[in-house]
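# Per-entry structural report
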Amino acid sequence: DVKVTQSSRYLVKRTGEKVFLECVQDMDHENMFWYRQDPGLGLRLIYFSYDVKMKEKGDIPEGYSVSREKKERFSLILESASTNQTSMYLCASSHRVVGTQYFGPGTRLLVL
Amino acid sequence: QQQVKQSPQSLIVQKGGISIINCAYENTAFDYFPWYQQFPGKGPALLIAIRPDVSEKKEGRFTISFNKSAKQFSLHIMDSQPGDSATYFCAASMEGSGNTGKLIFGQGTTLQVKP
């Protein structure tokens, strides 16, 4: 079974803190993705990576950065958390040319 | 042109009824159309997918209908059950080498099936 794990299920942070969200996949997938999910807005792509050390901006990259030093691990970084970044964050992975994405369980982040 | 528009935003159906969720897209280069199902507290999971060379695909009680000329596709859940209560997302992408495997998601539909 494909497994995508995320480092935390729930996080509470203060405004201005640096926040790290980690994602690990065990299927040797080339592609990894970070989304945020908000009611009525669906899944919006923040960043994705198609190879180690490669990254591309998604639809809403502002306020976020990413790191992919190893194939199985993709990190999302909030440099200075703000209240409007309170959301559910979902990580996904897929093979390069096959569209099926496998999602982690999500991290619900609350920024106070 | 990269958007996928999904409707309705929420849906309430009686047990045994048919649930229908619709999606529309603009980019004719899309060639892969999956539906994802998400239960509370879980990440989305692939439910069923279709490619534009067929007009319909059925897996158990779930059917995708695809209308290439209208650039629309829909999910039909026959004999809806309370266990089908979840959020459903349609999506679209361009597959094949040279493409990144990015999915464009619709806004999501929250389905409640009443016993």
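## Description of the overall build of chain B
Counting its regular elements, chain B contains zero helices and 11 strands. Moving toward the C terminus, one meets the helices and strands of chain B in the order β-β-β-β-β-β-β-β-β-β-β. On C-alpha atoms alone, chain B measures out to a radius of gyration of 14 Å, which is about the 13 Å that the 2.2 N^0.38 rule sets for 115 residues. Its C-alpha atoms put chain B at 45 × 30 × 20 Å along the principal axes. Counting all 115 residues of chain B, 44% fall into the buried class.

## Some thoughts on the interface of chain B and chain A
Contact with chain B, which involves 21 residues of that partner, is made by 21 residues of chain A. Summed over both sides, the interface of chain B with chain A buries roughly 1600 Å², with 55% coming from carbon and sulfur. In this structure, the connection of chain B to chain A is made through five residue pairs in polar contact (both at pLDDT 80 or more). Looking at the side of chain B that touches chain A, its residues break down into seven nonpolar, 11 polar and three charged.

## Some points on the nonpolar core
Within the largest apolar cluster, 25 residues are counted, with the highest numbers of intra-cluster contacts made by Val4(B), Phe33(B), Trp35(B), Phe73(B), Leu75(B) and Tyr88(B). Elements represented by at least two residues in this core include exactly β2 (10–14), β3 (19–25), β4 (33–38), β5 (45–50), β7 (62–67), β8 (72–77), β9 (86–92) and β11 (109–114) of chain B. Counting residues in hydrophobic clusters, the runner-up holds 20 residues, among them Cys23(A), Met32(A), Tyr47(A) and Ala81(A).

## A short note on the sheet that holds β3(B)
Residues and elements named next belong to chain B. Spatial ordering of the open sheet is given by β1-β3-β8-β7-β6, a layout of five strands whose pairing is antiparallel. Two strands bound the open sheet, and with one partner strand each, they are β1 (4–7) and β6 (56–59). Averaged over all adjacent pairs, the angle separating strand axes in this sheet is 15°, with direction ignored. In this sheet, β7 lies alongside β6 in antiparallel orientation, the contact comprising four bridges. Bridging from a neighbouring strand, Lys58 pairs with Thr63 of β7.

## Things to note about the pairing of β4(B)
The side chains of a regular strand alternate between both faces of the sheet. All names here are of chain B. Within β4, six of the six residues are buried, which leaves it mostly tucked inside the rest of the structure. Residues Phe33, Trp35 and Gln37 of β4 are buried on one face, and the alternating residues Pro34, Tyr36 and Gln38, pointing to the opposite face, are buried as well. Examined bridge by bridge, β4 and β5 share five bridges and lie antiparallel to one another. Bridge pairing in β5 places Pro34 opposite Ala49. Hairpin connection of β4 to β5: six residues between the antiparallel strands, including Gly41 at a positive phi of 80°.

## Looking at the sheet that holds strand β7 (residues 64–70) of chain A
All names here are of chain A. Read across the sheet, four strands follow the order β1-β3-β8-β7 without closing on themselves; strand pairing throughout is antiparallel. Both edges of this open sheet fall to β1 (4–6) and β7, since each of them pairs with a single strand only. Adjacent strand axes in the sheet meet at a mean angle of 20°, parallel and antiparallel pairs treated alike.

## Focus: the state of the cysteines
Residues and elements named next belong to chain A. Tallying each qualifying case throughout the model produces two disulfides over all chains. A sulfur-sulfur separation of 1.9 Å characterises the disulfide bridge that pairs Cys23 with Cys91. Between Cys23 and Cys91, the S-S torsion sits near -80°, and that sign places the bridge as left-handed. In this pair, Cys23 is assigned in strand β3 (residues 19–25) and Cys91 in strand β9 (residues 87–94), connecting sequence segments 68 residues apart. Across this residue pair, the class does not change: Cys23 and Cys91 are buried.

Conventions and cut-offs
Residues numbered from 1 in each chain as written. Chains lettered and ligands numbered in written order. Predicted model: local features only at pLDDT ≥ 70, side-chain atom pairs only at ≥ 80, totals over all residues. Heavy atoms only, no water. Helix = DSSP H or I, 4+ residues; strand = E, 2+ residues; numbered from the N terminus. Rg over C-alpha atoms; globule rule 2.2 N^0.38 Å. Buried < 20%, exposed > 50% of the residue type's maximum accessible area, 1.4 Å probe, protein only. Contact = heavy atoms within 4.5 Å. Buried area = accessible area lost by both parts, 1.4 Å probe. Polar contact = N/O pair within 3.5 Å; in protein donor to acceptor, adjacent residues only side chain to side chain. Nonpolar A, V, L, I, M, F, W, Y, C, P; charged D, E, K, R; others polar. Core = buried A, V, L, I, M, F, W, Y, C linked by side-chain atoms within 4.5 Å. Pairing = 2+ DSSP bridges. Axes fitted to C-alpha atoms, helices over the stretch in contact; angles between N-to-C directions. Disulfide = S-S within 2.5 Å.

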